[in-house]
Each structure stands twice: as structure tokens, then as C-alpha cells.
Amino acid sequence: MPRPTASTTPDPRAAHLPATAAAPPALLLAAGRGERMRPLTDTTPKPLLRVQGQPLLEWHLQALARAGVPRVVINTAWLGAQISSHFGSHFSLQPFTDKGGQLSISYSHEGLDFGAALETAGGIARALPQLGSIFWLAAGDVFAPDFGFESAAAQAFAASDRLAHLWLVPNPAQHPRGDFGLSPEGLALNLPADDPAPRYTYSTLALLRAELFAPPWCDIPAGNPGGVAAPLAPLLRRAMDAGRVSAALYPGRWVDVGTPERLAALNARS
């Protein structure tokens, strides 16, 4: 597999490059402490743990580059300097590619700005000035090498009135109850606790609108200048109740690399 190239100086233009509905930017979540992965994460941020020969986060970067996504924002907190030092400001599938063909990388350093991670919604709200009205979202601790970040999905989402489109997966052993239901029409459902309908697990792969992080869905000020920490699920559930969240089942390989045992099992398959 060709090794990527990365520069070591940040590109101040990265947050201002244009994006189209076919190729919106992406936000990769890489700020968490990774408590369940200790002691591995005591000295290495979870997104840099090696999965089948390369850092876990690199699988997403490769998929984004193949899809023609122009730029990505990575949020960091725990040992975040290691992440920005490793990946720099550009990523390419092929060495010696000129910058016109590279994935541009910028960062939202929550640890430097606020001393800790801001949880998912807080971190997204903080990074919004570097994104656009529509963007991809993926967690840096999930292995999903078959996910394509397809432009057709982004175009369909842009043409809809949805606030979010989620990819759901069959419930893994560690999360048997799942998160959300799925209607025959492709809407994600905020099912009551006693509803017997099937639930699926949110893969952390999504398309989102910036509108989801403004009233009435979210009360965090634009750019989250106060460093408010907040989870994403309550926002999604409010939008689901209004019929504004669509979803699809993702059939590809998917692992929440949340423990040393899962990491070892994943690497045993390589």
C-alpha cells in the first residue's frame, strides 16, 4: 500500500477552501482520552494506535482522499500535539503529489483552547467556523475501511431538508440494545425505551448540517467560544422527533476500536 505524505507546517488557507455539495469537508473526531484503551492510550492518542499496519485515523484519511474530499478538520485534546505532528497539514495517497491533489488538514485544538475535550456536540460546534453548511463526520476510533464518503450521498443530502443523515450498523456485542430505529421510509427514529421495534447502532459516520448546531436544536453559541461540553445524541433525538434525520444501514466492515482486546482481535485478522 502506498504510504501517504504529510507536511509539517499548517496551511492557513485550509479552513477557507471552497467545498461543493458533491465534496463537502469532513470533521474527524480525535479528542477523546480513550480511558477503556489504557494503558495503550497513556502515551499514544487512540487515533494513532496502529490497526493492520497504520494509524487508525489514517484509514479515514485514505477514504476521504480517494473520494475527492477537499479538506478535513481534526479535533484534538488528549495528546493532540502528537496527532497534528504526525499528519501535518496535507495528506496524499501517493508520494510527491502536488498540493492541488492533496487532502488539506486543519485542526481544532480543544485541549489547547480549553484544557479538555468538549464532547461530540461541543467539539463540532467549536469546529464549525472551519467547516461549511454541510460536512461529513466520522469518529477517529472507528475502523470502517469500506466506507466511501460518496459524493452522490452528499448531493442527495444537500438537496434534502434533513439536518443529519446517519449510517447505522447491526448492534455489536458490547452495545446490544442499539441506539435508533429505522423507518421503512429511511428516517432515523427516536424510539421510546419500551418500543419493541428493532434498534441499530449509530456508526459515528454521518452527514450533518451546521443548522443542527443552532436554535432550536442546540443552544451553544456559534463557534462555542465558552468551550461548552455537550453530547450529540440529544440534538439528534430532537431532530428525529421533527422528522429531520434520515438514515441507512451500512453493510461494510465496522469495528468500534474501544478496548485493547478489540484492537488485538482486529490486528489478528490482518
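### A word on the overall build of the protein
- Assigned secondary structure in the protein consists of seven helices and 14 strands.
- Counting contacts in the protein only where the partners sit at least 6 residues apart, residues at least 24 apart contribute 78% of the total.
- When the accessible surface of the protein is split by element, carbon and sulfur atoms take 57% of a total near 11800 Å².

### Description of the environment of Leu 131
- Turning to its location among the elements, Leu 131 is positioned in the loop between helix H4 (119-127) and strand E7 (134-139).
- Note: C-alpha distance between Leu 131 and Val 72 (59 residues apart in sequence) is 8.4 Å.
- Once residues lying within four places of it in the same chain are set aside, the contact partners of Leu 131 are Pro 25, Ala 26, Leu 27, Arg 71 and Val 73.

### What about the packing of aromatic side chains?
- Under the counting rule described, the total for this entry stands at eight aromatic pairs.
- Relative to Phe 149, the ring of Trp 136 has its centre 5.2 Å away and its plane inclined at 80°; by these criteria the two rings are edge-to-face. Residue Trp 136 is located in strand E7, and its partner Phe 149 is located in the loop between strand E8 (142-143) and helix H5 (151-159); the two are separated by 13 residues in the primary sequence.
- Phe 149 gets classed as buried once you look at its relative accessible area, which sits at 3%.
- A network of ring pairs unites the aromatic residues Trp 136, Phe 147, Phe 149, Trp 167 and Tyr 250 as a single cluster.
- When the ring centre of Trp 78 is taken as reference, the NZ or CZ atom of Arg 33 above it lies at 3.9 Å.
- The cationic tip of Arg 209 hangs over the ring face of Phe 157; the distance from NZ or CZ to the ring centre is 4.9 Å.

### What about unusual backbone geometry?
- Residue Pro 215 is joined to Pro 216 through a cis peptide bond whose omega torsion reads 10°.
- On the secondary structure map, Pro 216 appears in the loop between strand E12 (201-209) and helix H6 (233-241).
- One non-glycine residue, Thr 204, adopts positive backbone phi at about 80°.
- Considering the arrangement of structural elements, one finds Thr 204 in strand E12.
- According to the relative accessible area criterion, Thr 204 is buried, its value standing at 19%.

### Describing the side chain of Lys 46
- Secondary-structure assignment places Lys 46 in the loop between strand E1 (26-30) and strand E2 (50-51).
- By relative accessible area, which is 9% here, Lys 46 ends up buried.
- Side-chain polar atoms of Lys 46 contact the side chain of Asp 141, separated by 3.0 Å.
- Contacts of Lys 46, omitting those with residues within four sequence positions, involve Gly 34, Met 37, Thr 41, Leu 56, Asp 141, Val 257 and Gly 258.

### Some details on the environment of Ile 134
- Looking at the secondary structure, you find Ile 134 in strand E7.
- Spatially, the C-alpha atom of Ile 134 lies 6.2 Å from that of Ala 210, the residues being 76 residues apart in sequence.
- Dropping the residues within four chain positions of it, Ile 134 is found in contact with Pro 24, Pro 25, Phe 157, Ala 158, Leu 207, Leu 208 and Arg 209.

### Digging into the confidence of the model for the protein
- Scored by pLDDT, the protein comes out at a mean of 87, with 89% of its residues at no less than 70.
- Across the protein, element-level confidence peaks in strand E9 (residues 164-169) with a mean pLDDT of 98 and bottoms out in strand E5 (residues 90-91) with 86.
- The model gives residues 1-19 a pLDDT under 50, and that stretch makes 48 contacts with residues more than four places away or in other chains.

### Quick notes on the environment of Arg 269
- Turning to its location among the elements, Arg 269 is positioned in the segment after helix H7 (260-268).
- Placed 217 residues apart in sequence, Arg 269 and Gln 52 show a C-alpha to C-alpha distance of 8.1 Å.
- Excluding residues within four positions of it along the chain, Arg 269 makes contact with Gln 52 and Val 255.

### Comments concerning the pairing of strand E6 (residues 103-109)
- By the criterion of burial, E6 is predominantly enclosed, with six of the seven residues buried.
- Direction of pairing for E5 relative to E6: antiparallel, over a ladder of two bridges. Following the sheet pairing, His 90 is matched in E6 by Ser 104.

### Some thoughts on the packing of helix H1 (residues 56-67) against helix H2 (residues 80-87)
- Running from amino to carboxyl end, H1 crosses H2 at an angle of 45°, the nearest separation of the two axes being 12 Å. Judged by the angle between their axes, H1 and H2 are oblique. The chirality of how H1 crosses H2 is right-handed. The segment H1 lies against H2, with Leu 57, Glu 58 and Leu 61 engaging Ile 83, His 86 and Phe 87.
- Here the residues of the contact of H1 with H2 are counted per class, giving four nonpolar, one polar and one charged.

Cut-offs used in this document
- Residues numbered from 1 in each chain as written.
- Predicted model: local features only at pLDDT ≥ 70, side-chain atom pairs only at ≥ 80, totals over all residues.
- Heavy atoms only, no water.
- Helix = DSSP H or I, 4+ residues; strand = E, 2+ residues; numbered from the N terminus.
- Contact = heavy atoms within 4.5 Å.
- Areas by Shrake-Rupley, 256 points an atom, 1.4 Å probe, with all protein chains shown as cover.
- Phe/Tyr/Trp six-rings, centres within 6.5 Å; stacked < 30°, edge-to-face > 60°.
- Buried < 20%, exposed > 50% of the residue type's maximum accessible area, 1.4 Å probe, protein only.
- Lys NZ or Arg CZ within 6 Å of the ring centre and 35° of its normal.
- Polar contact = N/O pair within 3.5 Å; in protein donor to acceptor, adjacent residues only side chain to side chain.
- pLDDT = per-residue confidence, 0-100.
- Pairing = 2+ DSSP bridges.
- Axes fitted to C-alpha atoms, helices over the stretch in contact; angles between N-to-C directions.
- Parallel < 35°, antiparallel > 145°, perpendicular 65-115°, else oblique.
- Left-handed = near helix turned anticlockwise from the far one by under 90°.
- Nonpolar A, V, L, I, M, F, W, Y, C, P; charged D, E, K, R; others polar.

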